[in-house]
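Fold and geometry: a report
This is what each chain is made of:
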Amino acid sequence: MKLKQLFFGFALLLAQVTLAQNYYLHCGSILDTKSGKLLSNKTIVVAQNKIIKIQEGFVAKANPNDIEVDLKNKFVLPGLIDLHVHIEGELNSKSYVSKYIDNEADVAFQAVNCAEITLLAGFTTVRDLGGTGVNVSLRNAINKGLIKGPRVYTAGKAIATTGGHADPTNGSNRKLVGDPGPHEGVINSPEDAVKAVRERYKEGADVIKITATGGVLSVAKSGKNPQFSIEEIKAITATAKDYNMLTAAHAHGDEGMQRAILGGIKTIEHGTFMSEETMELMKKYDTYLVPTLTAAKEVEKNAEVPGFYPEIVVPKAREVGPQIKATFAKAYKKGVKIAFGTDAGVFPHGINGKEFGYMVEAGMPEIEAIQAATITNAQLLGIDKEAGQLKESFWADIIAVNDNPLKNIKTLEEVSFVMKDGKIYKNQ
């Protein structure tokens, strides 16, 4: 008899474990990101980390331990994807000194905070384009469920040339600089370039980022000059292709952009001083522009704060800030493909949603801006069968806002509901 009771108890426990807790999201309006249409009064059923059904009307939960979520007064979208962030921290007036003071653990604690803030802002997936290497560990910790954060595809350490933007020793005391090479992400030949990509792969990077031109915020005079040869870039992209890694190039100056495009880079970040000739090249080679308008606005503003940047940075910041938006507007009108990216980390994480408003102000329709941050970015990351839309069998990455984003794009700056991988992280 006892054995029978024990067996019954075990079977009951097994049934309870097997009977997973599902979510029934009662959605007043769902934005179909592919068609651009709003769908009314639907129920999204979530099991584990997937959407298993999207049903008409507000369907009652099937089992007592399932959970109904009231989003009847909300506008529901797939989780947003930011293709350009720096997840390890945020730039401030002390950043140029902190690299000599902070230990890896200090960077890690900053990164944990930045990751959670990004997720709660509705960005359930990001491409991290360069840090110290802590970003790889951060991604792993998120994937293990140890900390809260978006799904991260990271470049690890960006690849630069000696003295170029992302050379970690720029502006350093000569006694401290040493001679960084491919291991540190600094190259000076096609052979170095191949090794640097393989080093990133060995360290666990998912994507590759190069700094094809000078940078605004690096302690160096030029923010425009080309810094890689075409041969070096081709070596990088060919090696990255071997490892199925998406490639990105930071680029402000036109010549550096052209070399990046001809060398096989897939996304151009910033694109500040892009010529019409380069826009035509982007169309020909199916290259995407990631405009990072929010970063430009914030950099321009911070340049007027005494002491925020080193003196060598200030004129570059003042010049680049106003230009990016005009370039983006022209590129969009000419038919250059646009991907959504903000450069969060150059400004505080969590306000990534401001990018939508700037894109619309520059002439991009609301639905296309949203598609850039969902469907387009999912395609570029190779996850378009799992993310970017609300569909059955897709990941349960779901957000909600209080207003219709097709009429008020700035509502995406105030996300009220966040679910990632079937787990609710925010519900206001």
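Look above for the structure.
Worth saying up front: this structure is predicted, and the values here are computed from it rather than measured.

1. A look at the pattern of salt bridges
Tallied over the full model, the rule gives 18 salt bridges. We note a salt bridge from Asp421 to Arg151, for which the minimum N-O separation is 3.1 Å. Of the two residues, Asp421 sits in the loop between strand S16 (417-420) and strand S17 (423-427) while Arg151 sits in strand S7 (residues 151-154), which places them 270 residues apart along the sequence. By relative accessible area, Asp421 is classed as partly exposed at 30%. Where Arg259 meets Glu255, a salt bridge forms, and the shortest distance between an N and an O atom there is 2.9 Å. Of this pair, Arg259 and Glu255 both sit in helix H8 (residues 254-262), separated by four residues, roughly a single helical turn. Relative accessible area serves as the criterion here: at 23%, Arg259 is assigned to the partly exposed category. Exposure remark for Glu255: the relative accessible area of 38% places this residue in the partly exposed category.

2. Concerning the packing of helix H12 (residues 354-361) against helix H13 (residues 366-381)
With their axes 9 Å apart at the nearest point, H12 and H13 run at an angle of 135 degrees to one another. Relative to H13, H12 is oriented oblique. Viewed along their axes, H12 and H13 form a crossing whose handedness is right-handed. Within the contact between the two elements, H12 uses Phe356, Met359 and Val360 and H13 uses Glu366, Ala369, Ile370, Ala372 and Ala373. Looking at the contact of H12 with H13 residue by residue, the classes come out as seven nonpolar, no polar and one charged.

3. A closer look at the environment of Leu83
Structurally, Leu83 is set in strand S5 (residues 80-85). Assessed through its relative accessible area of 0%, Leu83 is described here as buried. In this structure, the C-alpha to C-alpha distance between Leu83 and Val107, residues 24 residues apart in sequence, is 21 Å. Residue contacts for Leu83: discarding those within four places in its chain leaves Arg127, Leu129, Glu269, Ala339, Phe340, Gly341, Asn377, Leu380 and Leu381.

4. Quick notes on the pairing of S7
Alternating positions in S7 separate into two faces, Arg151 and Tyr153 on one and Val152 and Thr154 on the other, with burial throughout. Where strand S6 (residues 123-128) and S7 come together, four bridges link them in parallel fashion. Counted as the bridge partner of Thr125 is Arg151 from S7.

What counts, and where the lines are drawn
Residues numbered from 1 in each chain as written. Predicted model: local features only at pLDDT ≥ 70, side-chain atom pairs only at ≥ 80, totals over all residues. Heavy atoms only, no water. Salt bridge = Lys/Arg side-chain N within 4 Å of Asp/Glu carboxyl O. Helix = DSSP H or I, 4+ residues; strand = E, 2+ residues; numbered from the N terminus. Buried < 20%, exposed > 50% of the residue type's maximum accessible area, 1.4 Å probe, protein only. Axes fitted to C-alpha atoms, helices over the stretch in contact; angles between N-to-C directions. Parallel < 35°, antiparallel > 145°, perpendicular 65-115°, else oblique. Left-handed = near helix turned anticlockwise from the far one by under 90°. Contact = heavy atoms within 4.5 Å. Nonpolar A, V, L, I, M, F, W, Y, C, P; charged D, E, K, R; others polar. Pairing = 2+ DSSP bridges.

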